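# Topology and contacts: notes
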Amino acid sequence: MIQSIDHAILLPAYLAAGTAVLVFVADLVTPRRAVSLSLGVLGALAVIVAAVRAPQGRRTFCLPEGCSYVYDKQAAVVAVAFAALTAIVLVLSATTRAEPGEYSFLLACSMTGGVVLGAAGDLITLIVGLETLTLPLYALVALRRGIRSAEGALSLFVVSVIATAVALFGAALVYATFGGVHLDQLAKATPTAQLVPVATLGAVLLIAGLAFKVAAVPLHGWAPATYDGAPLPVTAYLSTASKLGGVIALLLVSGALLDVRPTTRAVLAVLAVATMTVGNLGALRQTRMVRLLAWSSIAQAGYVLAALVVSGPAAVAYTLFFVIMEIVAFGVVIAARNDGDGGRIADYRGLARRSPWLAGALVLALAGLAGLPPGFAGLFAKFTVVQALVDGHWTWLAVIVVLNAVLALAYYVRVGATLFADSDEAPTPIRWPITAALAIATALALVVGFLPQWVLSAVGY
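All figures in this text were calculated on a predicted structure; none of them were measured in a lab.

What follows is about the pairing of strand β2 (residues 66-71). Of all the 6 residues making up β2, 6 are buried; the element is thus mostly covered by neighbouring parts of the structure. Direction of pairing for strand β1 (residues 58-63) relative to β2: antiparallel, over a ladder of 5 bridges. Bridge pairing in β2 places C62 opposite C67.

Okay, structure coming up:
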């Protein structure tokens, strides 16, 4: 029998959902951009406060087999991360040409899915939270109302549906063989000898379906078209919050199934190698900034999958470092290209002369993504992954990670050099909300670069 509901640990989810409803109603009363965006930001900040203050180590929606909602330190960190990313993206959206009420409502709905996902204790809650995070993104991508935007939204929709179908089929096989859906129960269950092949197939399909959500190979082709077609702030959200959601889902499932079905480790390792290699090779030939960042994001997903093979906390730590660097990179793109298009890499020629602080922020982000100083956050992220792989006796995979990191230097250095080339273009005016959001994100990147233990201890590494 279900016990009484613990509303205290559900408060962050309540506030996230309440923010979506509040923005929706407010837009009916006064459809002003400032009102909708401000309410969305305030709601996200309220979620952060509630996530920090909510009691940890408690569960609700419990049955004898296990609990569906588990609020621990990891769930709190995930809720704070999603709310912070949502707030920053809303502020970066000050010049976005979209209906502000609809835009803020969809982002708040997606934030709600992320908050719930972090505390998921069973496969049903996990998949519902992940789909709640993902579904609003289809509409958000299409808000530019152009052919590229429509193509990007359709690509995201088709691949996401396929990935969800694969994951659901895997979850059904897991339930049929293990006799439950609660993650704690799955970690302790052992299928009968006759059902071992079915259990293995179910675990592989479930993890593969969730891996496709983070643009893992072979279902990675949607990312460049979708990133390039969406409004720039939505692209920033896709490359950070959406990817974080996929990683958290993979972490929860792999934590329950990796030890039960060791074959899934090999599947993750193969996906990691293919994803990081294809992502880096694809980025080498890009001439548009957003597409380069999209292929780079695919490669980064490969590094995360490699970390998941041996250590969930290392994967989450790497993801948090990555999303901070990524939001800074897209913040600079939004500030430098306020016409809604990321433009070509050549368009950033001479940015260091026109806007030195923008160029400095972009260099910091690119260095972090490459794992080089002064992007110390990215450097510690790469080191964390390699150390976890070596400690876990997956040295060959650590070597491939290092080789791919070296390969990625080719395009990161190329973009960085372009910023310091000669140019006669005039400085681009920047709206103050975008300046404020980018300054906060850049300051955060600097802080976690010099104090990486904050992130590492937060995820329990």
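Let us now look at helix α13 (residues 312-336). Taking 1.5 Å of rise per residue, the 25 residues of α13 would be expected to cover 36 Å, and the 36 Å separating its terminal C-alpha atoms lies within 8% of that figure. Extensive coverage of α13 is indicated by the burial of 24 of its 25 residues. One side-chain oxygen at the N-terminal end of α13 lies 3.2 Å from the backbone nitrogen of A314; it belongs to S311.

Another aspect to go through is the state of the cysteines. For the coordinates displayed, the defined rule picks out 1 disulfide. The disulfide that involves C62 links it to C67, with 1.9 Å between the sulfurs. Looking along the S-S bond of the C62-C67 disulfide, the torsion reads about 105°, which is the right-handed sense. Taken individually, C62 and C67 each receive the classification buried, so the pair is uniform in this respect.

For the rest of this paragraph, the subject is the packing of helix α3 (residues 73-92) against α13. Between α3 and α13, whose axes approach to 11 Å, the crossing angle comes to 5°. Taken as axis vectors, α3 and α13 run roughly parallel relative to one another. Residues V77, A81, I88, V89 and L92 of α3 lie in contact with α13, whose contacting residues are L320, I327, G331 and I334. Looking at the contact of α3 with α13 residue by residue, the class counts come to 8 nonpolar, 1 polar and no charged.

So, on to the packing of aromatic side chains. Two numbers describe a pair of aromatic rings. These are the distance of the centres and the angle of the planes. What the rule picks out here adds up to 7 aromatic pairs. Summarising the aromatic geometry, the rings of W222 and Y227 are spaced 6.2 Å apart at their centres and angled 65° between planes, so their arrangement reads as edge-to-face. With relative accessibility at 6%, the residue W222 sits in the buried group. Ring centres of W394 and W396 lie 6.0 Å apart, and the angle between their planes is 40°; on these two criteria the pair is classed as tilted. The exposure class of W394 is buried, given its relative accessible area of 19%. W396 sits in the partly exposed class, given a relative accessible area of 46%.

With that out of the way, let us pick up the environment of Q453. Position of Q453 relative to the elements: it lies in helix α19 (residues 453-458). Taking relative accessible area as the criterion, Q453 reaches 43% and is therefore assigned partly exposed. Spatially, the C-alpha atoms of Q453 and R414 are 31 Å apart, while their sequence positions differ by 39 residues.

So, on to the packing of helix α4 (residues 100-118) against helix α5 (residues 123-141). In contact at an axis separation of 7 Å, α4 and α5 are set at 160° when each is read in the N-to-C sense. Taken together, the axes of α4 and α5 are roughly antiparallel relative to one another. For the pair α4 and α5, the sense of crossing is left-handed. The residues of α5 that touch α4, namely those facing Y103, L106, L107, C109, S110, G113, G114, V116 and L117, are T125, L126, G129, L130, T132, L133, P136, L137, A139 and L140. Per-class residue counts for the contact of α4 with α5 are 13 nonpolar, 6 polar and no charged.

Another aspect to go through is the environment of A120. Along the chain, A120 falls in the loop between α4 and α5. Sequence separation between A120 and H182 is 62 residues; the distance between their C-alpha atoms is 9.2 Å. If near-sequence neighbours (up to four positions away) are discounted, A120 is found in contact with S68, T125, L126, L183 and L252.

Moving on to unusual backbone geometry. Among all residues except glycine, the phi angle is most often negative; among peptide bonds, the trans geometry is most common. The peptide bond linking V217 to P218 adopts the cis configuration, its omega dihedral lying at 10°. Position of P218 among the secondary structure elements: in the loop between α8 (196-212) and α9 (222-229). In the segment running from P373 into P374, the intervening peptide bond is cis, with an omega of 5°. Along the polypeptide, P374 turns up in the loop between α15 (356-370) and α16 (376-391). A positive phi angle, near 55°, is found at F61, a position not held by glycine. With respect to the helices and strands, the residue F61 is situated in strand β1. For F61, a relative accessible area of 33% corresponds to the partly exposed category. Notably, A215 is not glycine yet its phi reads approximately 65°, a positive angle. Assessed through its relative accessible area of 1%, A215 is described here as buried.

The rules behind the values
- Residues numbered from 1 in each chain as written.
- Predicted model: local features only at pLDDT ≥ 70, side-chain atom pairs only at ≥ 80, totals over all residues.
- Heavy atoms only, no water.
- Buried < 20%, exposed > 50% of the residue type's maximum accessible area, 1.4 Å probe, protein only.
- Helix = DSSP H or I, 4+ residues; strand = E, 2+ residues; numbered from the N terminus.
- Pairing = 2+ DSSP bridges.
- Expected span 1.5 Å × (residues − 1).
- Polar contact = N/O pair within 3.5 Å; in protein donor to acceptor, adjacent residues only side chain to side chain.
- Disulfide = S-S within 2.5 Å.
- Axes fitted to C-alpha atoms, helices over the stretch in contact; angles between N-to-C directions.
- Parallel < 35°, antiparallel > 145°, perpendicular 65-115°, else oblique.
- Contact = heavy atoms within 4.5 Å.
- Nonpolar A, V, L, I, M, F, W, Y, C, P; charged D, E, K, R; others polar.
- Phe/Tyr/Trp six-rings, centres within 6.5 Å; stacked < 30°, edge-to-face > 60°.
- Left-handed = near helix turned anticlockwise from the far one by under 90°.

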